[in-house]
Amino acid sequence: MHDQPDQLEPETVTREISELEGRIGELRQAAGVPQPDLRATLDAALVELELALTVLRTVGTEHPGEQGGSAAAENERRVLRTVFQDAPVPLFLLDRNTTVRRVNRQAAALLGTSAGYVSGKQFTAFCDMATRAAVRSQIAAVVRTGRRHPVKVRFLGRDHPVDATVTLARVWIRGEPDPMVVAAAGPANAPAADPDPSLAKPRRTASGRAPAASAPSTSAPSTSAPATSAPATSAATRTASARGASARAVSDGTASARTAATGTAPPPDAPAREEPPHARSTHAAQPEDEAVATIVHRMDVLATASELLLDEPVFNETVAIRRCARLLAAELADWAFIDLTGGNGGPGSPPPGGAHAVGTPPPLRRQVVMGPEDERSVEAARMLEEVEPVQGSLPHTVFVTRQSALRPHLENLDVLGVCPDGQPVCGKIGVTSVLSVPIEDGDRAIGTITLAASGEYGPFDLMDLGVVQRLGRYLALVIRAARLYRRRAEVAETLQAGLLPKTLPAIPGVSVAAKYLTATHGSEVGGDFYDVFRTESGWGLILGDVCGKGEDAAAVTAAARHCARLAARWKTDPGDVLGIVNEALMDEDRFVTAVMAGLTVETERVVVSLGTAGHPPALVVRADGVIRSASRGGVPLGLFEDFEAGQDTIELGVGDTLILHSDGVLEACNMTRQEFGQERLLEALAGHAGATPAGMLDAVEDALLDFCDSDLRDDVSMLALRVEQASLD
């Protein structure tokens with residue numbers, strides 16, 4: 001390896017200009033990231049200006065790379081490779097595009113990973129977001145000018161960032177057409193870590209905050225550090241590795257190991273010494289404690305998630321996804337994104353999402369973004385909620401393939417999409433590590449969970465991925481239950497609407513009003529029904545209640561209502577009509593209580609014939625406020641063949657009101673399980689005797705809901721009919 005003069009081949013000018021444009025764009029983005037390093041960015045911009053001047057001066061010159069393939073050169077290369085690997089400082093060999101070609105063991109240990117994992121990735125992927133653009137520009141300047149240059153770098157270590165000063169130097173290697181760069185990492189000018197581990201930057205705990213002690217920041221890790229792959233290591237191993245440096249220093253008894261553990265070197269004449277056995281055991285126990293704490297934390301997150309997702313009497317999709325995102329952003333990441341398809345997952349709906357779907361999968365829609373609570377992040381979160389996961393983004397790819405993705409060290413800042421201002425999402429929020437998992441219930445994918453972190457607590461690992469995968473499964477099951485529940489509620493509402501008249505007919509000389517209240521809990525269709533219809537000799541009103549709820553009860557309800565309407569066409573007496581309904585319901589496994597009123601409308605008078613089948617009796621509210629109850633009697637419909645209805649006849653004058661109601665009114669309970677009862681119903685009606693029929697029913701509703709604190713255990717139905725003053729027309 002040797003240096004060459006600063007010359008530029010003419011055919012590379014276009015490439016140099018293109019690369020310069022790209023780096024200038026990165027510098028602009030770097031100035032806008034959270035907590036930017038403006039001084040480093042300014043220095044890099046000045047370097048780029050010098051580089052542009054150099055390009056202009058060297059246009060038209062030639063200097064081909066040296067070639068060589070002799071045996072002597074190969075022997076030299078082997079010697080240099082050995083020296084490179086065993087060098088006592090972290091070394092990176094980079095090509096002109098900042099791709100890592102080789103790293104030695106010290107460099108891999110500095111990052112807390114293996115050499116194989118680092119090779120082939122962008123060098124800047126291991127730097128924090130604030131210094132990436134500046135580092136790239138400084139490397140380009142060294143390649144072009146050949147002048148060595150020190151640059152401050154904040155490496156994204158396994159457990160926490162590591163501050164270092166990296167010296168960049170250009171080298172030419174035989175057989176390589178372009179120059180390369182050697183990056184040698186040393187301690188930063190200001191110590192990056194305190195020898196006391198209790199003062200170091202910690203990882204998150206189960207509460208989302210930092211524990212009291214964690215691993216110190218390392219600027220030159222021990223040569224004996226294990227070479228394990230970053231994606232395949234657990235958070236416990238990551239945390240343990242840095243703390244284990246001091247323990248290895250004791251066992252090795254070497255100055256380099258002590259330097260790795262403390263960040264400071266002993267005096268040159270200081271003899272190597274061992275610590276007492278009890279000290280070694282104390283240090284050795286720390287990694288195990290970290291591993292146990294990490295596992296307990298993950299288990300705690302899973303347990304907390306289960307409680308949050310299931311702590312609802314009725315599954316609510318919106319509440320579930322917001323709770324899940326908030327938990328993940330607090331415990332495992334800086335940012336949490338949840339994207340879902342729009343399908344409701346109910347019966348008859350197309351299967352939403354996943355590679356198994358026929359044709360194009362449904363589009364993902366961003367549901368929630370959770371991040372830090374500072375003003376800048378809150379504003380960014382609002383903007384990111386409008387950035388849909390488009391095709392080609394990591395969440396969309398994970399959704400379509402149903403394969404989880406882990407990016408411990410992020411190279412492509414576009415993986416989460418691009419903001420409306422053209423800046424990559426990852427650059428906007430300053431994240432350097434990303435993972436994404438599908439939300440799938442076993443049959444299909446319905447969305448994705450994506451976490452992003454800045455690297456302050458180390459990159460994501462397989463343990464993080466496993467926890468989020470399990471949470472994705474939990475969330476999918478809750479969403480499926482919520483959508484099924486919502487679908488059943490919609491079906492119930494549709495069925496219920498079909499069991500009740502859309503509008504009440506206009507009856508000359510009288511006014512009619514109705515009220516229907518569904519039970520507070522449950523999504524099944526109720527058994528209450530009412531109807532107003534023409535009869536052979538006038539008009540008929542019927543109100544009933546089917547035993548039970550659900551689709552089967554709805555079928556019986558429909559049969560009872562329509563049978564009564566049809567029978568009233570050729571039967572005048574309400575008792576006879578109810579008798580026909582009883583015959584029709586004998587083959588059903590549910591009984592029905594009902595009350596029917598046959599109306600004969602005369603001038604300023606209505607004669608009411610009542611038929612009762614085991615139902616609460618009708619009430620009459622006179623114009624002067626006096627209330628009387630009609631006769632009880634009869635047995636429920638559908639129980640006995642020898643049916644006989646309870647009968648009564650009432651005459652209504654102007655201002656008198658007839659009230660029919662279900663037993664849901666009387667049986668509504670308060671917190672002490674006391675029923676609303678007949679007396680409270682009569683008081684509510686008497687207090688509003690002068691109101692319209694609709695006003696009277698509203699008064700009963702208000703009294704009922706106030707009594708039971710809006711917690712209705714059964715459906716409530718009411719009908720009111722009032723005789724009006726004859727019109728002069």
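Along each chain, residues carry numbers from 1 onward, in the same order as the chain's sequence is written. With pLDDT at 70 or above as the cut-off, local features in this predicted model cover only qualifying residues; side-chain atom pairs require 80 or more to be listed or tallied, and sums for whole chains, interfaces and linings still use all residues. Hydrogens are left out, water is left out, and the side-chain values use all remaining heavy atoms of the structure.

A.B. asks: How would you sum up the side chain of Arg590? Please name residues and give values.
C.D. replies: You can see Arg590 is positioned in the loop between α16 (574-584) and β14 (592-602). Among the polar contacts made by the side chain of Arg590, one reaches the main-chain carbonyl oxygen of Cys547 at a distance of 2.9 Å. Beyond its immediate stretch of four places on either side in the chain, Arg590 contacts Val546, Cys547, Gly548, Lys549, Asp552, Ala553, Val556 and Leu637. Strands here are runs of E lasting at least two residues and helices are runs of H or I lasting at least four, both read from the DSSP assignment and numbered beginning at the N terminus. We call two N or O atoms a polar contact when they sit within 3.5 Å, provided that within protein one can donate a hydrogen and the other can accept it, with sequence-adjacent residues counted only if both atoms are side-chain atoms. Between two residues, a contact is recorded if the distance between any of their heavy atoms is within 4.5 Å.

A.B. asks: Give a description of the side chain of Asn582 that names residues and reports values.
C.D. replies: Position of Asn582 relative to the elements: it lies in helix α16. Given a relative accessible area of 1%, Asn582 falls into the buried group. Excluding its chain neighbours within four sequence positions, the residues that come into contact with Asn582 are Pro636, Leu637, Gly638, Leu639, Phe640, Glu641 and Phe643. Relative accessibility thresholds used throughout: buried, under 20% of the residue-type maximum; exposed, over 50%; partly exposed, between the two (1.4 Å probe, protein chains only).

A.B. asks: Break down unusual backbone geometry for me, with residues and values.
C.D. replies: What is expected of a backbone is that most residues other than glycine have negative phi and most peptide bonds are trans. One non-glycine residue, Arg402, lies in positive phi territory at about 60 degrees. Within the chain, Ser710 stands out as a residue other than glycine whose phi angle is a positive 60 degrees. Structurally, Ser710 can be placed in the loop between α19 (693-708) and β20 (716-723). Residue classification places Ser710 among the partly exposed positions, given a relative accessible area of 46%.

A.B. asks: Residues and numbers for the confidence of the model for the protein chain, please.
C.D. replies: Taken over all residues, the pLDDT of the protein chain has a mean of 76, while the share at 70 or more is 70%. Values of pLDDT, the confidence the predictor places in each residue, fall between 0 and 100. Under a pLDDT of 50 for its full length, residues 1-6 has, in the predicted model, 22 contacts with residues more than four places off or in other chains. Predicted confidence for residues 344-358 stays below pLDDT 50, and this span has 34 contacts to residues more than four positions away or in other chains.

A.B. asks: Before we move on, could you go through the pattern of salt bridges and cite the residues and values that matter?
C.D. replies: Salt bridges, as used here, are contacts in which a Lys or Arg side-chain nitrogen is within 4 Å of a carboxyl oxygen on Asp or Glu. Under the definition given, this model contains 15 salt bridges. Across the pair Arg366 and Asp339 runs a salt bridge, and its minimum N-O distance is 2.7 Å. Of this pair, Arg366 sits in strand β7 (residues 365-370) while Asp339 sits in strand β6 (residues 335-340), and the two are 27 residues apart along the sequence. Summarising the burial analysis for this pair, Arg366 and Asp339 share the class buried. Ionic pairing is found between Lys515 and Asp698, a salt bridge with its closest N-O pair at 2.6 Å. With a gap of 183 residues between them, Lys515 in strand β11 (residues 510-517) and Asp698 in helix α19 connect regions that are remote in the sequence. A residue is classified by how much of its surface remains accessible, and Lys515, at 16% relative accessible area, is buried. Take Asp698: its relative accessible area is 33%, and that puts it in the partly exposed class. By sharing partners, the salt bridges in this structure join Arg154, Asp163 and Glu456 into a single network.

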